[in-house]
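Architecture and fold: a report
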Amino acid sequence: MTTHYQQPSRAARAANAAIRWLAEMGVSIAGTRAVRVRGRKTGQPRTVVVNLLTVEGVDYLVSPRGETQWARNVRAAGVLEVGPRWHRERAAATELDDAAKPDVVRRYLARWYWQVKDFVPGLTPDSGDEQLGAAAPAIPVFALAPDASR
């Protein structure tokens, strides 16, 4: 299987840095949140801004760019912190299996399609289960739950 990853442009990286700073300060733009996770290679904390999707009381992280560094770090660490610098909440992250992804990805696209349409070619909020199911292996999705290990 080929690993899917859409690298951000220089302009996108600059914009992400500004949005990350705002998210760390507690300012959410269209649902953004700061996520902090331990790097799988260095062990150092890494902060990234993501769109946090809440469905029926469960928070989900979706990586429309594919196998990003943050998705790999979340997968390896299994726990992360969400929120601004002064009020981060620890959460356990469990990756969804491919069969469970279509509904979450559809809802994610319904909310942020305008932002991520270039990263999910051929998918729209109106895509059928078959299309979303075919794309599921290339889109990491994590369910978050309060971290009980603390």
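Whatever comes next refers back to the structure up there.
Within each chain, residue numbers correspond to sequence positions counted from 1 in written order. Reporting of local features is limited, given that this is a predicted model, to residues whose pLDDT is at least 70; pairs of side-chain atoms are given and counted only at 80 or more, and all residues count toward the totals for whole chains, interfaces and linings. Just so you know, side-chain values use all the structure's heavy atoms and leave hydrogens and water out.

**Focus: helix H2 (residues 69-77)**
This is how the line gets drawn: Classification of residues uses two cut-offs on accessible area relative to the type maximum, computed with a 1.4 Å probe and protein chains only: under 20% is buried, over 50% is exposed, and between them is partly exposed. Helix numbers and strand numbers start at the N terminus; a helix is a DSSP run of H or I with at least 4 residues, a strand a run of E with at least 2. Directions drawn from the helix axis to the C-beta atoms are what define this arc. For this analysis, residues touch if any pair of their heavy atoms sits within 4.5 Å.
When we look at burial in H2, the residues that qualify are Trp70, Ala71, Asn73 and Val74. All buried residues of H2 project into a common sector of 160° when viewed along the axis, lining one side. Next to the buried residues of H2 lie strand S1 (32-38), strand S2 (45-55), strand S3 (58-62), strand S4 (79-82), strand S5 (89-95) and strand S6 (141-146). Where H2 ends, the next residue or the one after it, Gly78, has phi of about 80°, a positive value.

**A closer look at the nonpolar core**
Here is the rule: Residues enter a nonpolar core if they are buried and are Ala, Val, Leu, Ile, Met, Phe, Trp, Tyr or Cys, with the set joined through side-chain atoms within 4.5 Å.
Of all hydrophobic cores here, the largest spans 19 residues; its most connected members are Leu53, Tyr60, Val104, Leu109, Leu123, Ile139 and Val141. When residues of this core are traced back to their parent elements, those giving at least two are S2, S3, helix H3 (101-116), helix H4 (129-135) and S6. In terms of residues, this core owes the most to one element, H3, which gives six residues. Beyond its immediate stretch of four places on either side in the chain, Val141 contacts Tyr60, Leu61, Val62, Thr94, Glu95, Leu96, Lys101, Val104 and Val105. Core analysis: the next-biggest nonpolar cluster, separate from the first, contains 14 residues, Val35, Val50, Leu80 and Leu144 among them.

Treat this as a map of the structure, not an account of what it does.
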